[in-house]
Amino acid sequence: MRTLLIETATQVCSVAVAENGRIVAHRESNEPNAHSSHLAPFVEEMLAELGITTKDLDAVGVSSGPGSYTGLRIGVSSAKGFCYALGKPLVAVPTLQSMASLYYRQHPDYNGMVCPMIDARRMECYTAFFGPNGMLRDTQADIITDGIYDEYLGRGEVVFVGDGASKCHDVLGKHPNARFDEAFRPSAEGMAEEVEKKLERGETEDVAYFEPFYLKDFVAKKSVVHGLR
């Protein structure tokens, strides 16, 4: 099974190709606001590197949110375009789940909890809690305050990762069980195993009607494009 994986829900634009759950090609960029310009060239580069075409793909996996409104629209619309044109199934993986899976994949000896955090402005973050065997608490939009996660920190070590974690260090770092991995970056690589499992279970999305999980309503900001007011 060969799958194309797309992660654009965060500031990282990341794409990968997996074969039977194993990553065989990967491209990513941390350049801000450049998802739309990088995604298609990255896919072309990977396919050329592997000596295959889009017709050789069996499915497309996409990070489904929450996260950046614009990033999610770019990733999901691209994934749906590939699926529609190729007649391939679409598989959606929650962004925070993908982040946690990637952390455990990168740290196979770690048995504690992971809390992926995506910045949602000010002191708000999209968060969830995971253990080695799966999700411990569903995705929520949390206002980060003193003691908010004491229930989980009281059980043992929690590693906070993602672009929301660094801004919460001063608040959450007071607890002795709080750890922060600021080197961690979201990646399409974190989706590989879950996409494979979902395909085996037949858990695919309706390409025509699937929408990202925004969690909160989109709030438009003033345009920064020259000539627009």
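Our structure's up above, just so we're on the same page.
Residues numbered from 1 in each chain as written. Predicted model: local features only at pLDDT ≥ 70, side-chain atom pairs only at ≥ 80, totals over all residues. Heavy atoms only, no water.

### Points about the sheet that holds strand β10 (residues 178-180)
Taking strand neighbours across the sheet as the criterion, the 5 strands line up as β8-β7-β6-β9-β10 in an open arrangement whose pairing is mixed. On the outer flanks of this sheet lie β8 (134-143) and β10, each paired with one strand and no other. Each adjacent strand pair in this sheet contributes to an overall mean axis angle of 20°, direction not counted. Relative to β10, strand β9 (residues 158-161) runs parallel, the two sharing 3 bridges. When the sheet's bridge partners are listed, Val 158 is paired in β10 with Ala 178. Contacts from helix α3 (residues 95-106) reach β6 (113-119), β7 (124-131), β8 and β9 within the one sheet, and its direction differs from that of β6 by about 135°. (Pairing = 2+ DSSP bridges. Helix = DSSP H or I, 4+ residues; strand = E, 2+ residues; numbered from the N terminus. Axes fitted to C-alpha atoms, helices over the stretch in contact; angles between N-to-C directions. Contact = heavy atoms within 4.5 Å.)

### Quick look at the pattern of salt bridges
Enumeration according to the criterion identifies 11 salt bridges in this entry. Notably, a salt bridge pairs Glu 19 with Arg 2, separated by 3.1 Å at the nearest N-O pair. Taken together, the residues Glu 19 in strand β2 (residues 13-19) and Arg 2 in strand β1 (residues 2-7) connect sequence positions 17 residues apart. Look at Glu 19 and you get partly exposed, because its relative accessible area is 26%. According to the relative accessible area criterion, Arg 2 is partly exposed, its value standing at 22%. The closest approach of N and O atoms between Asp 146 and Lys 174, which form a salt bridge, is 3.2 Å. (Salt bridge = Lys/Arg side-chain N within 4 Å of Asp/Glu carboxyl O. Buried < 20%, exposed > 50% of the residue type's maximum accessible area, 1.4 Å probe, protein only.)

### Some points on the sheet that holds strand β4 (residues 59-63)
Reading across the sheet, the 5 strands line up as β3-β2-β1-β4-β5 and stay open at both edges, with mixed pairing between neighbours. The sheet is open, and its two edges are formed by β3 (22-29) and β5 (90-93), each paired on a single side. Neighbouring strand axes in the sheet, compared pairwise and without regard to direction, differ in orientation by 20° on average. Pairing geometry for β4 and β5, over 4 bridges, is parallel. Along β5, the bridge assignment pairs Gly 61 with Val 91. Relative to the sheet, helix α1 (residues 35-50) contacts β1, β2 and β3, its axis offset from that of β3 by approximately 145°. Those strands touched by helix α6 (residues 192-201) are β1, β2, β3, β4 and β5, and its axis lies near 130° from that of β5.

### Examining the state of the cysteines
Under the defined criterion, the tally for this structure stands at 0 disulfides. Looking at the unpaired Cys 83, the closest cysteine sulfur is the one in Cys 13, lying at 17 Å. No disulfide involves Cys 125; its sulfur sits 3.8 Å from the nearest other cysteine sulfur, which is in Cys 168. Note on Cys 125: relative accessible area 0%, which makes it buried. (Disulfide = S-S within 2.5 Å.)

### Details of the pairing of β3
Within a regular strand, the side chains alternate between the two sheet faces. Note that β2 and β3 share 7 bridges and pair antiparallel. Considered in β3, the bridge of Cys 13 is made with Ser 29. Hairpin connection from β2 to β3: 2 residues lie between these consecutive antiparallel strands, with Asn 20 at a positive phi of about 55°.

### A short note on α3
Over its 12 residues, α3 extends 17 Å from the first C-alpha to the last, a length consistent with the 16 Å expected when each residue adds 1.5 Å. Inspection of α3 places Thr 95, Leu 96, Ser 98, Met 99, Ala 100, Leu 102, Tyr 103 and Tyr 104 among the buried residues, and these make up the whole buried set. (Expected span 1.5 Å × (residues − 1).)

### Here we look at the packing of aromatic side chains
By the definition in use, this model includes 8 aromatic pairs. Taken together, a centroid distance of 4.7 Å and an interplanar angle of 25° make the contact between Tyr 69 and Tyr 214 stacked. Pair noted here: Tyr 69 is in helix α2 (residues 69-86) and Tyr 214 is in the segment after α6, with a separation of 145 residues, a long-range link. Seen from their ring centres, Tyr 103 and Tyr 110 are 5.8 Å apart, and the 90° between their planes marks the pair as edge-to-face. Residue Tyr 103 is classed as buried on the basis of its relative accessible area, which comes to 6%. (Phe/Tyr/Trp six-rings, centres within 6.5 Å; stacked < 30°, edge-to-face > 60°.)

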